[in-house]
Amino acid sequence: MKPFCRDTWVEVDLDAIRANVETFRGHLPAQTGIMAVVKADGYGHGSVHVGKEALDAGADSLGVALLDEAIVLREAGIEAPILVLGYTPVDSVAIASKLKVELTAYSEAWILEAEQALQRDELGPVGIHVKTDTGMGRLGVRSEEELLRVVSALENSSKLVWSGLFTHFACADEPDQTHVRRQYETFQSFIQALRAAGKKLPKVHCCNTAAAIAHPEWGYDTIRLGIGLYGLYPSPYMKERADVPLVPALSLKTKIAHVKVADEPFTVSYGATYTAQPHEQIATLPIGYADGYSRLLSNRGAVLFNGERAPIVGRVCMDQIMVKIPNESAQVGDEIVLYGRQGDEEISLDEIAALTGTINYEVPCLLNFRIPKVYYRAGKECTVHHLLTK
Ligand SMILES: Cc1ncc(COP(=O)(O)O)cc1O
């Protein structure tokens, strides 16, 4: 029995995840590891199944944004190292200790509070990666003096273990590499300052997908592979460079719920913004903005039917959209591709991002709990994950 009751689903090709890990494996120096970044539920692809596939394909750790995301991975039986890349409130540090999840720190005060919390609860150690802000302007120490203070606080701790040093690039995916080079030089100066102070460096990392593509020699101990893991390029510029071949892993599919052709013109959807002409075939599809399919695609986007483009007509509704089927006679139950390939045609996440004024990162992240995920390996369905009914 099908484990979900709707005809709309995400398909994740685990072979693509594997291929993308192997591509970066071959692109990087042998000593550089791969942290698969599976935050935001694997950029909408499902963190557990993508994380497991990435680890099996050669990644050696996982990165998430929130400790809650790490809990999901541990509860799924993943034992690999996990780093929380964002801020973790001190009152949650005990959970990180119990689940052996590494955290990010950049504040001496936070370190002292976390130490007290772990001492009080008589808990085990927590690995800490120190974040430096070299030009992202988000989280991290911003001076050598601050960095040395934070590292000393860790060295004086009996519960916190200095396990990493990293930074994050703001413009690595842009044609002008001035900013990222300046960030890399600043990061190098932080490293030199630590060495001059006699510190033994833990795991060092700085590259996201874009920097890993353009500067594999900056890999240090590991890269943090996000968007590239999913077969997407961080920017049009990085896609044009084509240094590495990537395989998109996600498709979004549905089945026609209703078809109509009228003898007389009729208006379609809220606001009656489209008028169907006689003999036009209008199909209704069971997906809408409440699934994370953008309302900005109203009267602008398209889907694929029988390998041909079918324009969205009228406004995207909360749960349904209407499309104009070209030429052929569509039937209820016919498969439609909203994101992905069908025959020789493709509707890429890049296209959807351009149509909706965002970036390809956001498009899959918007797909939410209402849409079940079906995972494929070697062209065969292998598992299903549906948050709504779990
Ligand atoms: C700290 C951090 N590190 C790495 C990533 C992954 O970036 P890409 O998706 O561009 O590879 C994200 C992130 O927030």
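Residues numbered from 1 in each chain as written. Predicted model: local features only at pLDDT ≥ 70, side-chain atom pairs only at ≥ 80, totals over all residues. Heavy atoms only, no water.

Looking at an unreviewed UniProt entry, one finds the protein named Alanine racemase, with Brevibacillus invocatus as its source organism. Check the Function (unreviewed entry) section of the UniProt entry for the protein; it says "Catalyzes the interconversion of L-alanine and D-alanine. May also act on other amino acids." UniProt, in its Catalytic activity (unreviewed entry) section for the protein, records the words "L-alanine = D-alanine". (UniProt positions renumbered as here; feature names shortened; annotations may be inferred.)

Chemist: Explain the site of the ligand to me, using residue names and the numbers behind them.
Modeler: Close to the ligand lie Lys39, Tyr43, Leu85, Arg138, His168, Asn208, Thr209, Arg224, Gly226, Ile227 and Tyr361. Arg138 places a polar side-chain atom, nitrogen or oxygen, 3.1 Å from an oxygen atom of the ligand. Taking Ile227, its main chain carries an N or O atom lying 2.8 Å from an oxygen atom of the ligand. Taken by itself the ligand offers 380 Å² of open surface, and the protein chains cover 94% of this. Taken together, the residues of the shell around the ligand break down into 4 nonpolar, 4 polar and 3 charged. (Near = heavy atom within 4 Å. Polar contact = N/O pair within 3.5 Å; in protein donor to acceptor, adjacent residues only side chain to side chain. Areas by Shrake-Rupley, 256 points an atom, 1.4 Å probe, with all protein chains shown as cover. Nonpolar A, V, L, I, M, F, W, Y, C, P; charged D, E, K, R; others polar.)

Chemist: So what's going on with a nonpolar patch on the surface? Which residues, and what values?
Modeler: A cluster of nonpolar side chains, namely Phe369, Leu387 and Leu388, defines an oily patch on the protein surface of about 260 Å² accessible area. The residue Phe369 is located in the loop between helix H12 (362–366) and strand S20 (373–377) in this model. For Phe369, a relative accessible area of 42% puts it in the partly exposed group. (Patch = residues over 30% accessible without salt bridge, like charges linked within 9 Å, V, L, I, M, F, W, Y side chains within 5 Å. Salt bridge = Lys/Arg side-chain N within 4 Å of Asp/Glu carboxyl O. Helix = DSSP H or I, 4+ residues; strand = E, 2+ residues; numbered from the N terminus. Buried < 20%, exposed > 50% of the residue type's maximum accessible area, 1.4 Å probe, protein only.)

Chemist: Would you mind going over the environment of Gln31 in detail, with residue names and values included?
Modeler: Inspection of the secondary structure puts Gln31 in the loop between helix H1 (14–27) and strand S2 (33–37). On the basis of relative accessible area, Gln31 is assigned to the exposed category, the value being 59%. With residues up to four places along the chain from it excluded, the contact list for Gln31 reads Tyr220 and Asp221. (Contact = heavy atoms within 4.5 Å.)

Chemist: Give me the UniProt feature "domain: Alanine racemase C-terminal" (unreviewed entry) in the protein: which residues, what numbers.
Modeler: Per the UniProt record, "domain: Alanine racemase C-terminal" (unreviewed entry) is annotated on residues 249–376. Annotated as residues 249–376, this span is 9% helix and 38% strand, and its ends, taken at the C-alpha atoms, are 10 Å apart.

Chemist: I'd like to hear about the environment of Ser158, residue by residue, with values.
Modeler: On the secondary structure map, Ser158 appears in the loop between helix H7 (144–155) and strand S7 (160–167). Taking relative accessible area as the criterion, Ser158 reaches 52% and is therefore assigned exposed. Setting aside its immediate chain neighbours within four residues, Ser158 contacts Glu115 and Gln119.

Chemist: Explain the nonpolar core to me, and be specific about the residues and the numbers.
Modeler: Of all hydrophobic cores here, the largest spans 117 residues; its most connected members are Phe24, Leu229, Tyr293, Ile321 and Tyr339. A per-element tally of this core places helix H8 (residues 178–196) first, with 6 residues. Among the domains, domain 1 (14–230) and domain 2 (250–358) are the pair contributing at least three residues each to this core. Non-local contacts of Phe24, meaning those with residues more than four positions away in its chain, are made with Ile34, Thr209, Ala212, Ile213, Ile223, Leu225, Gly228, Val244 and Leu246. Within the second largest apolar cluster, 9 residues are counted, among which are Tyr274, Ala276, Val313 and Cys317. (Core = buried A, V, L, I, M, F, W, Y, C linked by side-chain atoms within 4.5 Å. Domains from an automatic or database assignment.)

Chemist: How would you sum up the side chain of Ser61? Please name residues and give values.
Modeler: Here Ser61 is to be found in strand S3 (residues 61–64). By relative accessible area, Ser61 is classed as buried at 3%. With residues up to four places along the chain from it excluded, the contact list for Ser61 reads Ile34, Met35, Ala36, Leu55, Pro81 and Lys203.

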